[in-house]
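Structural overview for review
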Amino acid sequence: MKKVVVGMSGGVDSAVAALLLKRQGYDVVGLFMRNWDSTINNDVLGNPNLNNDICPQEGDYNDALKVCEKLDIPLHRIDFVKEYWVYVFTYFLEELKRGRTPNPDVMCNKYIKFDPFIKEAKRLGAEYIATGHYARIIDDNLYKAIDENKDQSYFLCQLTKNQLSNVLFPVGELTKEEVRKIAKDNDLTVADKKDSTGICFIGERNFSEFLKNYLPSKKGKIVNIDTNEEVGIHYGLMNYTIGQRRGLNIGGNENRLFVVGKNLDKNILYVGLGSDHEALYSNEAIIEQMNFIDNKKTSKCKAKFRYRQKDIDVDVEHLDSNEMKVKYSSLKAVTPGQICCLYDGDECLGGGIIKEVYKDNKKMVFYN
RNA sequence: UGCCUCGUAGCCAAGCGGUAAGGCAUCAGACUUUGACUCUGACAUUCGUUGGUUCGAAUCCAGCCGAGGCAG
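Anyway, here's the lowdown on the structure attached to this text. What you see is a predicted model; the values in this text were computed from it and never measured. Along each chain, residue indices are assigned from 1 in the same order as the chain's sequence is written. Starting at A for chains and at 1 for ligands, labels are handed out in the order in which the entities are written. For this predicted model, a pLDDT threshold of at least 70 governs which residues receive local features, and a threshold of 80 or more governs which side-chain atom pairs are given and counted, while totals over whole chains, interfaces and linings are taken from all residues. Note that the side-chain values use all heavy atoms of the structure and ignore hydrogens as well as water.

Notes on the overall build of chain A
On a plain count of helices and strands, chain A comes out with 8 helices and 18 strands. Computed over the C-alpha atoms, the radius of gyration of chain A is 22 Å, within 12% of the 21 Å expected from 2.2 N^0.38 for a compact globule of 368 residues. Each principal axis of the C-alpha distribution contributes one length, and for chain A these read about 70 × 50 × 35 Å. Relative accessibility under 20% of the residue-type maximum defines a buried residue, over 50% an exposed one, and the middle range a partly exposed one, all with a 1.4 Å probe and only protein chains included. Expressed as a percentage of its 368 residues, the buried residues of chain A come to 55%. A separation threshold of at least 6 residues defines the contact pool for chain A, and within that pool the share at least 24 residues apart is 66%. Computed with a 1.4 Å probe, the accessible areas rest on the Shrake-Rupley method; for each residue, only the protein chains presented here act as cover. For chain A, the accessible surface area stands at approximately 17300 Å², while carbon and sulfur atoms represent 46% of it. Note on conventions: DSSP H or I runs of at least 4 residues are helices, E runs of at least 2 residues are strands, and numbering of each starts at the N terminus. Taken over C-alpha atoms, the radius of gyration is set against a globule rule of 2.2 Å times the number of residues to the power 0.38. Contacts are assigned to residue pairs that have any heavy atoms within 4.5 Å of one another.

Structure, rendered in structure tokens:
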């Protein structure tokens, strides 16, 4: 019997993944990972769970345990707290210091779930690993999930073909609705559990309060990019991303104010009036640390610049092995640090990190 | 010191005798495995203050306080 280790998060998706694999005749083993330790990581400010008897992580473990008991499969547990800190969280903080907007969950997949996790699975004697991701793998290549609304291939675009081999995504073939139904029909306790959101293993938190634990915040001016007038005070540039509107705390305007740029040297946050402010739009970007899953370097394809944004047509110019220039008609809030993921139809060709953003051949200088 | 204008929620601002529009901000939900965006909802028993006129005032009158302007 083929052995598979399923990453159990305590949610519905991984529970159903395990169930489906078991049905298919695999020898299924659950593995629960722990990537964050509030005490070790000095995660104090803004942590709503410090005084709880049972932290959400422990609750998730218990949920996973119940599911495994129901399915009659063993559940192991492993700590990647150190690895997460070194490979994901360090990157996360470094990017923020540079004024960029990182995507930690992409790195969590690249450096944790599809690396030490796989090694642990092998150590447990498994041939395959599986997770509850909404995506599909065909011939070791990555494809979008059947359920377009839940598709998570964007978060997996930094994986290599090697990492994708011997990986199974059972729920990638199903819609969320079907997954919930299967869970319900099989009396899994997590059938109605709310989908988890927020940063991988840290969860939904007050972002600014959370950051205060790790980065000093320097207050500075908020300047209207059109009038050059000081209109407010920001509490640290790392707390803002391009296109953001909330948290500015500036009232009295006829229209909404959006973050359109920052100047790290002068510690200035630039804002513009209106959701269609021209300073938000670009038509070209340089992507670095490109990962091509199957080395398909086309010159025309689709791209997604932010999770849950629509794919748009792009022209690609390959600069060197891991940098490329993408051109597009016009797109709002393309932000350095975010991931640009390429698609050919349903196939995810790979992705990289947005490095620089241009408009009509002019670099958007405060766009970091 | 005299005259004029103005004082409505955190901000901007309608209302000008009939019982407080709207926008922004904020907060809460929805959406969402990245702080976004978007959507929905909440948000002044009260109109600088005191007194008066009136069946009834934020709206009219007077005093006071405060802001700005003109004169000196």
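Here's the deal with the sheet that holds strand 2 (residues 27–34)
Two pairing modes exist for strands in a sheet, parallel and antiparallel, and in both the strands are linked by backbone hydrogen bonds. DSSP bridges decide pairing: two strands pair if at least two such bridges lie between them. The 5 strands lie next to each other as 3-2-1-4-7, forming an open sheet whose pairing is parallel. On the outer flanks of this sheet lie strand 3 (75–79) and strand 7 (167–168), each paired with one strand and no other. Pairing of strand 4 (residues 128–130) with strand 7 involves 2 bridges; the strand directions are parallel. Each bridged residue has a counterpart across the sheet, and for A130 the counterpart in strand 7 is L168. Interaxial angles span 0 to 180 degrees and are taken between N-to-C directions of axes, which are lines fitted to C-alpha atoms, for helices over the stretch in contact. Packed onto the sheet, helix 2 (residues 56–71) meets strand 2 and strand 3 and runs at close to 155° relative to strand 3. Sheet strands in contact with helix 5 (residues 116–123) are strand 1 (3–7), strand 2, strand 3 and strand 4, and its direction is about 145° off that of strand 1.

Description of the sheet that holds strand 10 (residues 257–263)
In space, the 4 strands of this open sheet follow the order 9-8-11-10, with mixed pairing throughout. Bordering the open sheet on either side are strand 9 (230–234) and strand 10, each of which pairs with just one other strand. Neighbour-to-neighbour, the strand axes of the sheet open up by a mean angle of 30°, direction not taken into account.

Side note on the side chain of D151
By the element assignment, D151 lies in the loop between strand 6 (141–144) and helix 6 (161–164). His residues and chain termini do not enter the charge count, which takes Lys and Arg as positive and Asp and Glu as negative. When a carboxyl oxygen of Asp or Glu lies within 4 Å of a side-chain nitrogen of Lys or Arg, that pair is called a salt bridge. For the buried residue D151, which engages in no salt bridge, the nearest side chain bearing the opposite charge is K144, 5.1 Å off. Here A145 takes part through its backbone nitrogen, which lies 3.0 Å from a polar atom of the side chain of D151. A distance of 2.8 Å separates polar atoms of two side chains, one belonging to D151 and the other to S153. Excluding residues that lie within four positions of it along the chain, D151 makes contacts with Y134, K144, A145, Y307 and Y343. Under this definition, polar contacts are N or O atom pairs within 3.5 Å; protein pairs additionally need one hydrogen-donor-capable and one acceptor-capable atom, and for neighbouring residues in sequence, both atoms have to be side-chain atoms.

Description of the nonpolar core
If you look at the biggest cluster of nonpolar residues, it comprises 47 residues, and the most contacted ones within it are V5, Y84, F89, F92, F114, L142 and L211. Listing elements by their share of this core, those giving two or more residues are strand 2, helix 3 (81–97), helix 4 (104–113), helix 5, helix 8 (207–212), strand 16 (339–344) and strand 17 (347–359). Among the elements that line this core, the one with the most residues is helix 3, at 7 residues. By size, the runner-up hydrophobic cluster in this structure holds 34 residues, among which are M8, L19, F32 and A64. The criterion is simple. A nonpolar core is a set of buried Ala, Val, Leu, Ile, Met, Phe, Trp, Tyr and Cys residues joined through side-chain atoms within 4.5 Å.

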